[in-house]
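Working through the structure, step by step
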Amino acid sequence: MSSSLNTLLKRATWLESGDIRPYVFVRPENMITNPGTRHNCDWFKHEPIFKNPLDLKELPFAEAIYQIEWKAFGTQDLAIPRWVFYDCAAMPGFVAGFAGRTSKLPQKVKTLLNFSDENEWCPLSLFIIIPTMHKGEWVAYDLCSVNSLLPKQEQYYGLGFLSKAFALWYANVNQCSGMTQWSSPSLKLHSNYGHLEMIGSYAPVHTHAKTMTYRCEVNTDNWEKFFTHEPDLAFLEKYGKTEHIIDPNDEQSMITMQNRIQNNEGPFYLNAGDIAQKGLRDPLTVYKLKQA
Ligand SMILES: CC(C)(COP(=O)(O)OP(=O)(O)OC[C@H]1O[C@@H](n2cnc3c(N)ncnc32)[C@H](O)[C@@H]1OP(=O)(O)O)[C@@H](O)C(=O)NCCC(=O)NCCS
């Protein structure tokens with residue numbers, strides 16, 4: 001067992017028993033060839049549960065995914081419409097997460113997700129990625145976990161983080177882009193899968209203009225740091241602080257940075273270590289490649 005798996009299992013104790021396992025909710029034509037062969041990671045020992053989103057028998061599983069999604073995002077005006085899930089996830093993409101053996105789950109979770117015991121596995125999280133026209137690059141556009149609906153002491157620590165980690169590893173994702181809102185707790189997760197380049201800091205075309213668009217080269221070396229909160233020395237060696245900040249309370253700071261990105265003054269990066277230490281609405285320092 002690697003030392004990173006050791007660290008992980010101390011915090012995400014639920015991962016080991018086999019009663020919570022990764023699932024892959026992908027139509028057969030989109031199954032990954034040689035899964036889990038690009039990145040070095042020994043975290044996911046249990047065989048995933050495979051579900052075909054186009055199979056009518058899997059409708060209860062899909063309905064429970066909707067329950068997590070709608071309840072996690074409903075208040076943010078981002079709940080996924082059914083046609084978007086079907087047309088933009090089930091058909092073109094890769095949907096994955098973790099599922100719990102229904103008979104072993106707390107009744108509260110089953111009630112929250114309106115899930116019945118006759119179905120063996122109940123989804124607990126969701127992550128969606130779709131490949132882009134740009135070879136090797138995937139776009140992530142949905143990450144949510146049942147943790148956001150539970151009090152802290154009843155949560156499955158690392159569920160959201162590990163859902164994305166599993167999917168990136170399993171689908172051999174090289175480059176992952178995504179969008180998130182400034183001040184979202186998800187930034188604490190997204191910044192750990194590889195050095196996070198900010199390719200957009202303001203997106204008025206989106207439902208929420210205060211959206212950050214990012215890209216990272218997936219690198220499993222960083223993943224353990226999500227659990228240890230240790231600084232990423234490789235990041236600090238490569239990138240230095242600029243005088244620029246993004247203040248989640250100040251839209252103008254996002255627009256100013258967006259103009260800098262458009263003027264090719266970047267590339268600009270965010271530091272996972274900084275984000276981990278900060279409150280969700282605290283200003284974030286922007287980093288840049290150090291001069292050679
Ligand atoms: C964001 C989300 C996916 C995180 O998943 P999760 O399973 O709750 O989080 P994990 O257990 O994997 O990770 C826990 C860490 O996440 C961060 N975190 C999660 N929720 C947080 C919150 N409400 N406030 C601050 N930090 C939070 C913390 O860093 C926490 O670690 P710590 O307690 O040691 O500081 C989940 O809260 C969610 O579904 N939110 C609603 C939907 C959403 O906003 N998705 C993001 C779209 S880009």
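Because the structure is predicted, anything quoted here is derived from the model rather than measured. (Residues numbered from 1 in each chain as written. Predicted model: local features only at pLDDT ≥ 70, side-chain atom pairs only at ≥ 80, totals over all residues. Heavy atoms only, no water.)

Observations regarding unusual backbone geometry
In this model, Gly266 is joined to Pro267 through a cis peptide bond whose omega is 0°. Here Pro267 shows up in the loop between α9 (251-262) and β11 (268-270). Residue Asn172 is not a glycine yet carries a positive backbone phi of 55°. Since its relative accessible area comes to 16%, Asn172 is described here as buried. Here Ser183, not a glycine, exhibits a phi torsion of approximately 80°, which is positive. (Helix = DSSP H or I, 4+ residues; strand = E, 2+ residues; numbered from the N terminus. Buried < 20%, exposed > 50% of the residue type's maximum accessible area, 1.4 Å probe, protein only.)

What about the pattern of salt bridges?
Counted according to the given criterion, the structure contains 11 salt bridges. Arg101 is the salt-bridge partner of Asp19, the closest N and O atoms lying 2.8 Å from each other. One end of the pair, Asp19, is in the loop between α1 (3-11) and β1 (20-25); the other, Arg101, is in strand β3 (residues 94-101), with 82 residues separating them in the sequence. When the shortest N-O distance is used, the salt bridge between Lys108 and Glu154 registers 3.0 Å. In this pair, Lys108 sits in helix α4 (residues 107-112) while Glu154 sits in the loop between β6 (137-145) and α5 (159-170), placing the two residues 46 residues apart along the sequence. According to the relative accessible area criterion, Glu154 is partly exposed, its value standing at 34%. One connected set of salt bridges, linked through shared partners, spans Asp19, Arg101, Lys104 and Glu120. (Salt bridge = Lys/Arg side-chain N within 4 Å of Asp/Glu carboxyl O.)

Concerning the site of the ligand
What surrounds the ligand is a group of 24 residues, the closest being Leu143, Ser145, Tyr157, Gly158 and Phe161. Residue Asn147 places a side-chain N or O atom 2.9 Å away from an oxygen atom belonging to the ligand. Within the contact set of the ligand, an oxygen atom lies 2.8 Å away from a backbone nitrogen or oxygen of Phe161. Burial of the ligand by the surrounding chains reaches 78%, relative to a free accessible area of 910 Å². (Near = heavy atom within 4 Å. Polar contact = N/O pair within 3.5 Å; in protein donor to acceptor, adjacent residues only side chain to side chain. Areas by Shrake-Rupley, 256 points an atom, 1.4 Å probe, with all protein chains shown as cover.)

Thoughts on α9
Here α9 contains 12 residues, and its C-alpha end-to-end distance of 17 Å stays within 8% of the 16 Å for a straight helix at 1.5 Å per residue. For α9, every residue scored as buried is listed here: Ser253, Met254, Met257, Gln258 and Ile261. Projected down its long axis, α9 shows its buried positions confined to an angular sector of 135°, all on one face. If you follow the buried residues of α9, they end up packed against β8 (196-200), β10 (239-246), β11 and β12 (284-289). For α9, the N-terminal cap is Asp250; the gap from its side-chain oxygen to the backbone nitrogen of Gln252 is 3.0 Å. (Expected span 1.5 Å × (residues − 1). Arc of directions from axis to C-beta. Contact = heavy atoms within 4.5 Å.)

What to know about the domain arrangement of the chain
According to the domain assignment, the chain contains domain 1 (1-173) and domain 2 (174-292). Centre-to-centre separation of domain 1 and domain 2, based on C-alpha positions: 24 Å. Each side of the interface is counted separately: domain 1 has 32 residues, and domain 2 has 24 residues. Both faces considered, domain 1 and domain 2 share a buried interface measuring about 2,400 Å² in area, 66% of it formed by carbon and sulfur atoms. Across the domain 1-domain 2 interface, the total number found is 0 salt bridges. In this structure, the connection of domain 1 to domain 2 is made through 12 residue pairs in polar contact (both at pLDDT 80 or more). Sorting the residues of the side of domain 1 that touches domain 2 by element identifies α1, β6 and α5 as the ones contributing at least two each. If you tally residues by element for the side of domain 1 that touches domain 2, the top one is α5, at 7 residues. (Domains from an automatic or database assignment. Buried area = accessible area lost by both parts, 1.4 Å probe.)

A closer look at α1
If you check which residues of α1 are buried, you get Ser4, Leu5, Thr7, Leu8 and Leu9. At its buried positions, α1 is contacted by α5 and α7 (225-228).

Points about the environment of Lys188
Mapped onto the secondary structure, Lys188 falls in helix α6 (residues 187-190). C-alpha of Lys188 to C-alpha of Asn271: the two residues are 83 residues apart in sequence and 9.9 Å apart in space. Once residues lying within four places of it in the same chain are set aside, the contact partners of Lys188 are Phe226, Ile275, Ala276, Lys278 and Leu280. Of the polar contacts made by the side chain of Lys188, one reaches the backbone oxygen of Ile275; its length is 2.9 Å.

Examining the nonpolar core
Ranked by size, the top nonpolar core spans 86 residues in total, and within it Trp43, Phe85, Phe94, Leu162, Met198 and Trp223 carry the most contacts. Among the elements that make up this core, the one with the highest residue count is α5 (9 residues). Two domains each donate at least three residues to this core, and these are domain 1 (1-173) and domain 2 (174-292). (Core = buried A, V, L, I, M, F, W, Y, C linked by side-chain atoms within 4.5 Å.)

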